[in-house]
Amino acid sequence: MINSVAAPAPPRVLGRRLLPLQIAMGLQGMLLWLPIEKLFMTQIGFDAASVGVMAAAYAAVVPLLEVPSGILADRWSRRWVMILACLALMASSLVGGLSSNVITYVVAAMILGIYFALSSGTVDSIVYDTVLEETGSSELYERWIGRVRTVESAALVVSALVGGVLAEYTSARFTYFVTIPLVGLAIIGFLWFDEPQLHKAAERVSLASHVALTFRTMIREPAVLRVLLLVATVALLSQAVFEFGPLWLVALAAPAVLYGPYWAALVSTLGLGGLIVGKLHLDRRWMLAVVVVLPLAAALVMTWTRSLSVVIAAQVVLALLLAIIGIHAGKLLHDAVPSAIRAGVSSGAGTLSWMLFLPFSLVFGWVARENGVNWSGWMLAGAVVVVGVLLIVSIRAARKDAVALADEAARAEQAVGVTGPSEELACRQLVELVADYLDGLLPQNVMADVEEHLAGCDGCTVYLSQIRQTMTELRRLATSA
């Protein structure tokens, strides 16, 4: 008989395990050049149109690498992929600091695109699998990814304030060089982190089969595709706010000292959204209506106002609501896919967002140059409408899926005659045994323990179903190859 663990890991244990990851994300977020980037870019020759070209340059790099990097994270190590992302960010900061013209800075932006590709979806997958591995359920995912985002946001706030002051008393260029050692320290945190192994629990398959399954899941599974579009559109809109939001300040001739506090307020929404998303109930109609209407109102305000304070307030509200929607949409996406392809599918959402952002940024830059930045606000408003529709549809569909799953679990419990096991197999132990369980290789007494645990654990039941679906698809692909 396998030794049992009476209950899932308490928050204290989960917190200890995620602490190195939070430290690493905090150090990685110390980008001292970020709040004054647009100011520095204007100093070396950028205008509104060339800013759009620069954004399009790294948006063109990311789609080429994002899904491959996600598959690499699933097959190799998500922790080491994040270390590679740190190295890319350090290289981008170095080239950016050395830039004296538009072309050189575009090269730095393209290296930054490699960082985005490597990190996109990886941290979310790490947190989701850690929570699932420790607790047997994804129920605490929003809370813990929110805490990770809060740490990251706090680091960005500090770096925004420090970066603005540092640029004021030294130079904007100097902030790029100071960033490099801070990001380098994040590598130590990632090396310290105990990476979850759920993505390696499934049967090892060929690279071709893994790639095929990842793309088939994204393209042919309606539930996945629906949420994928939501995640991509939210990411597009959030990126547009952070990328082009400072142009409103440039147009209104804001003083250089204001850029630091402005950027601090903007990035603080990532942490604030992470703190409050777990306390919101987006399945309630009135809460859903608030989350949909408020960002639309904020985007519309940006189309006409000439007040600097109103513009900043509108951007902060819009960024906060997008942070909340993005975290919830991420949970819906992770719930819909198995761990073996989680980072790949999540990176696919990032790839789609960058593919949409490429033409969006070019058109946005052209509209801002020809008609003024306020007219570009209408593009933000249109994107908000699309996000609202996709969010409503996705939440309704998720509610129906949850009801169906609960009914299925109730029927299974009634059929087995289980009213609650007195002694449970640990969720982490089941993960280690799932492959042998599906192949029928477990001893009879261990098999009974596994089935008893599955009867009383919805999280492991969902996980087993995902693994079974993955293995079925892989065998079908191998047969047809």
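These notes cover the structure that comes with them. (Residues numbered from 1 in each chain as written. Predicted model: local features only at pLDDT ≥ 70, side-chain atom pairs only at ≥ 80, totals over all residues. Heavy atoms only, no water.)

Here's the deal with the overall build of the protein chain
Condition: In this text, helices come from DSSP runs of H or I with a minimum length of four residues, and strands from runs of E with a minimum of two, each type numbered from the N-terminal end. By definition, residues are in contact when any of their heavy atoms lie within 4.5 Å. The protein chains shown are the only cover counted for residues, whose accessible areas, like all others here, come from Shrake-Rupley with a 1.4 Å probe.
The number of helices and strands found in the protein chain is 18 helices and zero strands. Residue pairs at least 24 apart in sequence account for 85% of intrachain contacts in the protein chain once pairs closer than 6 positions are excluded. Accessible surface, the protein chain: about 20,000 Å² in total, of which carbon and sulfur atoms supply 66%.

Structural notes on the nonpolar core
In plain terms, the rule: Here the nonpolar core consists of buried residues drawn from Ala, Val, Leu, Ile, Met, Phe, Trp, Tyr and Cys, with membership extended through side-chain atoms lying within 4.5 Å. Using a 1.4 Å probe on the protein chains alone, a residue whose accessible area is under 20% of its type maximum counts as buried, one over 50% counts as exposed, and one in between counts as partly exposed.
The biggest cluster of nonpolar side chains holds 135 residues, and the ones touching the most others in it are Trp33, Tyr105, Val127, Phe190, Phe357 and Leu380. For this core, the element with the highest residue contribution is helix H10 (residues 222-251), accounting for 15 residues. Those residues in contact with Phe190 that sit more than four places away from it in its chain are Leu21, Ala24, Met25, Gln28, Arg79, Met82, Ile83 and Cys86.

Quick notes on the side chain of Lys331
Under the convention used in this document: Any pair of N or O atoms that falls within 3.5 Å is considered a polar contact. Within protein, one atom must be able to donate a hydrogen and the other to accept it, and sequence-neighbouring residues count only if both atoms are side-chain atoms.
Note on placement: Lys331 falls in helix H13 (residues 308-335). In terms of polar contacts, Lys331 uses its side chain to reach the side chain of Asp335, at 2.8 Å. If we skip the residues at most four places from it in the chain, Lys331 touches Ser138, Tyr141 and Glu142.

Considering the packing of helix H6 (residues 122-135) against helix H7 (residues 141-169)
Heads up, the condition is: Orientation is described by axes fitted as lines to C-alpha atoms, over the contacting stretch for helices, and by angles from 0 to 180 degrees between their N-to-C directions. Any angle that falls under 35 degrees is termed roughly parallel, while one over 145 is termed roughly antiparallel, one within 65 to 115 roughly perpendicular, and all others oblique. Two helices crossing with the near one rotated counterclockwise from the far one by less than a right angle form a left-handed crossing, whereas a clockwise rotation gives a right-handed crossing. All residues other than Ala, Val, Leu, Ile, Met, Phe, Trp, Tyr, Cys, Pro, Asp, Glu, Lys and Arg, Gly among them, are scored as polar; the first ten of these are nonpolar and the last four charged.
Where H6 meets H7, the axes come as close as 9 Å, and the angle between the chain directions of the two elements is 135 degrees. With respect to H7, the axis of H6 lies oblique. Pair H6 / H7 crosses with right-handed handedness. Contacts from Val123, Asp124, Val127, Tyr128 and Val131 in H6 reach Tyr141, Trp144, Ile145, Val148 and Arg149 in H7. Of the residues that constitute the contact of H6 with H7, the class distribution is eight nonpolar, no polar and two charged.

Brief notes about the packing of aromatic side chains
For the record, the criterion: The aromatic pairing rule takes the rings of Phe, Tyr and Trp, using the six-membered ring of Trp, and pairs them if the centres are within 6.5 Å, calling planes under 30 degrees apart stacked, those over 60 edge-to-face and the rest tilted. Only lysine NZ and arginine CZ atoms are considered, and such an atom sits over a ring when it is within 6 Å of the ring centre and within 35 degrees of the ring normal.
If you walk through the whole model with that rule in mind, you get twelve aromatic pairs. Aromatic pair Tyr105 and Tyr176: ring centres 6.2 Å apart, planes at 85 degrees, arrangement edge-to-face. With Tyr105 in helix H5 (residues 102-119) and Tyr176 in helix H8 (residues 172-192), this pair connects stretches of sequence that are 71 residues apart. Look at Tyr105 and you get buried, because its relative accessible area is 3%. Among the aromatic side chains, those forming a connected cluster through ring pairs are Trp33, Phe40, Phe46, Tyr105 and Tyr176. The ring of Trp144 has Arg147 sitting right over it, with the charged end atom 4.3 Å from the ring centre.

Quick look at the side chain of Glu243
With respect to the helices and strands, Glu243 occurs in helix H10. Discounting chain neighbours no more than four positions away, the residues touching Glu243 are Lys38, Met54, Ala55, Tyr58 and Phe357.

Let's talk about a positive patch on the surface
We apply this condition: Exposure above 30% relative accessible area and the lack of any salt bridge qualify a residue for a patch; like charges then connect within 9 Å, and the nonpolar side chains Val, Leu, Ile, Met, Phe, Trp and Tyr within 5 Å. Any Lys or Arg side-chain nitrogen found within 4 Å of a carboxyl oxygen on Asp or Glu counts as a salt bridge. Charge assignment in this entry is limited to Lys and Arg as positive and Asp and Glu as negative, and neither His nor the chain termini are counted. In plain terms, the charge of a residue is placed at NZ if it is Lys, CZ if Arg, CG if Asp and CD if Glu.
Judged by side-chain charge, Arg285, Arg396, Arg399 and Lys400 come together as a positively charged surface patch. Of all the elements, helix H15 (residues 373-416) adds the most residues to the positive patch, at three residues. Mapped onto the secondary structure, Arg396 falls in helix H15.

A word on the packing of helix H9 (residues 207-220) against helix H14 (residues 342-371)
Following both chains from N to C, one finds H9 and H14 inclined at 50 degrees, their axes separated by 9 Å at the closest point. Viewed along their axes, H9 and H14 adopt a mutual orientation that is oblique. As H9 runs across H14, the sense of the crossing is right-handed. Along the contact surface, H9 presents Thr214, Thr217 and Met218, while H14 presents Gly344, Val345 and Gly348. Its residues assigned to classes, the contact of H9 with H14 shows two nonpolar, four polar and no charged.

Here we look at the environment of Gly344
Relative to the elements of secondary structure, Gly344 occurs in helix H14. Separated by 275 residues in the primary sequence, Gly344 and Ser69 place their C-alpha atoms 7.5 Å from one another. Here Gly344 is in contact with Val67, Gly70, Ile71, Asp74, Thr214 and Met218, once residues within four sequence places are set aside.

Notes on a nonpolar patch on the surface
A contiguous nonpolar patch, built from Leu72, Trp76, Trp80, Leu84, Leu87 and Leu191 and spanning about 520 Å² of accessible area, is present on the exposed surface. Of note, Trp80 is situated in helix H4 (residues 78-98).

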